[in-house]
Amino acid sequence: MKKVLCLFAFLLLITGCNKQENKVKTIVQKNNQMKIAINYPITKEKRLDQKIQKDVKMRYQNFLEQQKEFVAIAKDAEFNIDYTYDIIDQRYMMVVLKTFSNSNLLSSPMNDLDTYVFDKKKNKFLTLSDVISPTENKKVISMILNKLKKQYPDCLLIDRVKKLLNQFTKIHFTFDEEQFYFYFEPYEISAGYFDIMMISIPIENLGLTIDINEGKVEKEWKKIETTTRVIDPNQKSVALTFDDGPSVYTNELLNILKKYDASGTFFVIGNKVEIYSDTMRRMVQEGNEIGNHSYNHKWLTKVSEQEFLDQINQTQQVIKKVTGFTPRLLRPTYGAMNQSLRKRSELKIVMWDVDTRDWESHDIDHILKKTIQNTKDGSIILMHDTKKQTITILERLLKELKQDDYQFVTVSELDKIKQLQKYEK
Ligand code: ZN
């Protein structure tokens, strides 16, 4: 009996771990003083994850410290951590974290950088000295210098670049099957330029001490067969919308939607689309709609026109690539709107009239009561699929609204219903 029990406990432990699997950690918060959006990957490599989490925490605490000092005059501050994550040759894990902080007190926003190259097989972090032969160092340094001069001719402080490049092991880098990428924090080596600087050099020009199989294999995405949905234009309708995903909880929400013959609209963050490609494809397959919620949850009313376009277009492209679906809707980050955002956006901007505030409170009964009170025919309800409790909220909400004879439609379906009703009147 004891043995069986042990085995049972062990199985629970395994499934328990799987359930908590976190592919990308997303934290989005806002108040009157500041807007926070943090995204970073969970790689399942213990040492790598610990280091990433430690650095993220440090960056965030530094920002909060800075804010605390000037709390009386601080407003409109923004803190954003964005990431890229790749595994090369099933062995080398690359993570780049870019931290943007604008506390409104400094003369300009800060862009900080953390890079991690982790060798899974050896369970160790790699520096540039680990991957480039010592005899090649000088050659590599002069290649980097030349490329920097070419790419950033107007703002480079050459003496500082030279000094930095001589600290070979400290140079930020990543690589893929074809190129090496070198990154620089702008304050270290430039004047009047604020973005992270990056250059690339083809692998064959560098003397490497490691073997990387050449040629990147682009994943092929098969066309998705979508389900046809039947909607009654005369029945009461609500559109359920989910922001900031996808996440590990999104599949559970899709199960519930399916159970109640409901469709939702998912306003996703672009930098998570490829990591959650299966979830994204399932959304489309089961008749849900996908909307654009920027690439890394930057505060869209604060960015330049070029950055706005990048945020939107990069997200459109990756959604189209993975799902075949082209979004026609945009939900502004932090719900922040202004005239120039309206003018810049070619996508239809979708807000909401019922806010569950599921990110703020843990009182599920209260959230449900308020939400049901405020919901009426034609409502758009705001939820977040990055919160575990949203699973419970959705299940109970659908049950209650279904009893009240609601059907659950996507935002575009709701638009069509409204148009039809206008036409009939
Ligand atoms: Zn959001």
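In this text, all values refer to a predicted model and were calculated from it rather than measured experimentally.

Criteria and cut-off values
Residues numbered from 1 in each chain as written. Predicted model: local features only at pLDDT ≥ 70, side-chain atom pairs only at ≥ 80, totals over all residues. Heavy atoms only, no water. Donors = N, O, S within 2.8 Å, 3.2 Å for Na, K, Ca; no water. Helix = DSSP H or I, 4+ residues; strand = E, 2+ residues; numbered from the N terminus. Buried < 20%, exposed > 50% of the residue type's maximum accessible area, 1.4 Å probe, protein only. Axes fitted to C-alpha atoms, helices over the stretch in contact; angles between N-to-C directions. Parallel < 35°, antiparallel > 145°, perpendicular 65-115°, else oblique. Contact = heavy atoms within 4.5 Å. Nonpolar A, V, L, I, M, F, W, Y, C, P; charged D, E, K, R; others polar. Pairing = 2+ DSSP bridges. Arc of directions from axis to C-beta. Core = buried A, V, L, I, M, F, W, Y, C linked by side-chain atoms within 4.5 Å. Phe/Tyr/Trp six-rings, centres within 6.5 Å; stacked < 30°, edge-to-face > 60°. Lys NZ or Arg CZ within 6 Å of the ring centre and 35° of its normal.

> So what exactly am I meant to see when it comes to the coordination of the zinc ion here?
Taken together, the protein ligands of the zinc ion are D244 (OD), H293 (NE2) and H297 (NE2), with distances of 2.1 to 2.2 Å. Site description for the zinc ion: donor spacing in sequence, D-x48-H-x3-H. Here the residue D244 occupies a position in the loop between β10 (236–243) and α7 (250–259), and H297 occupies one in the loop between β12 (289–292) and α9 (305–323), the gap between them amounting to 53 residues. Relative accessible area serves as the criterion here: at 3%, D244 is assigned to the buried category. Judged by its relative accessible area of 1%, H297 falls in the buried class.

> What's the story with the packing of α7 against helix α12 (residues 389–403) in this structure? I'm lost.
Any two packed helices are characterised by how steeply their axes cross, that is the angle between the axes, and by the distance between the axes. Following both chains from N to C, one finds α7 and α12 inclined at 5°, their axes separated by 9 Å at the closest point. The angle between the axes of α7 and α12 places the two elements in the roughly parallel class. Together, E252, L253, I256, L257 and K259 of α7 and T390, I391, L394, E395 and L398 of α12 make up the contact between the two elements. Counted by class, the contact of α7 with α12 contains six nonpolar, one polar and three charged residues.

> What exactly am I supposed to notice about the pairing of strand β3 (residues 77–88) here?
On any regular strand, side chains alternate: one points to one face of the sheet, the next to the other face. In this sheet, β3 lies alongside strand β2 (residues 34–41) in parallel orientation, the contact comprising five bridges. Of the residues in β3, the one forming a bridge with K35 is E78. Here 11 bridges tie β3 to strand β4 (residues 92–102), and the two strands are oriented antiparallel to one another. Bridging across to β4, N80 finds its partner in F100. Linking β3 back to β4 in an antiparallel pair, the connection comprises three residues, with D89 at a positive phi of about 60°.

> What should I look at first to understand helix α11 (residues 364–374) in this one?
Because an α-helix completes one turn every 3.6 residues, residues spaced three or four positions apart along the sequence face the same direction. The set of residues buried in α11 consists of I364, I367, L368 and T371. Down the axis of α11, the sector holding all buried residues measures 95°, keeping them to one side. Away from the buried face of α11 by more than 90 degrees, exposed residues K369 and Q373 are located. The elements touched by buried residues of α11 are β15 (354–355), β16 (379–384) and α12.

> How do you make sense of the environment of V161 when you look at a structure like this?
Looking at the secondary structure, you find V161 in helix α5 (residues 158–166). Each C-alpha atom, one on V161 and one on E289, is 48 Å from the other, the two residues being 128 residues apart in sequence. If sequence neighbours within four positions are ignored, V161 has contacts with L145, L148, L156 and I189.

> Please clarify how the nonpolar core should be interpreted in this entry.
Note on soluble globular proteins: their nonpolar side chains tend to be buried together. Counting residues in each nonpolar core, the largest one holds 35 residues, and the members touching the most others are L128, I144, L148, F175, F180, F182 and F184. Ignoring sequence-local partners within four residues, the contact set of F180 consists of L128, V131, F173, T174, F175, I199, S200, I201, I203, L206, L208 and I212. Residues L257, F266, I381 and L401 belong to the second largest nonpolar core, which totals 34 residues.

> Explain the packing of aromatic side chains to me, please; I cannot follow it from the model alone.
The description of an aromatic ring pair uses the distance of the two centres, along with the angle that the planes make with each other. Throughout the structure, instances matching the rule amount to 10 aromatic pairs. Seen in terms of ring centroids, Y60 and F79 are 5.3 Å apart; in terms of plane orientation they differ by 40°. Their pairing is tilted. In this pair, Y60 is assigned in helix α2 (residues 46–69) and F79 in strand β3, connecting sequence segments 19 residues apart. Since its relative accessible area comes to 21%, Y60 is described here as partly exposed. For F79, a relative accessible area of 1% gives the class buried. Plain terms: the ring middles of F63 and F79 are 5.0 Å apart, the flat faces sit at 35° to each other, and that makes the pair tilted. One end of the pair, F63, is in helix α2; the other, F79, is in strand β3, and 16 residues separate them in sequence. A relative accessible area of 2% means that F63 is categorised as buried. Chaining the aromatic ring pairs together yields one cluster made of Y92, F173, F175, F180 and F182. Directly above the ring of Y406 sits K236, whose terminal nitrogen or CZ lies 4.4 Å from the centroid. Directly above the ring of W299 sits K302, whose terminal nitrogen or CZ lies 4.8 Å from the centroid.

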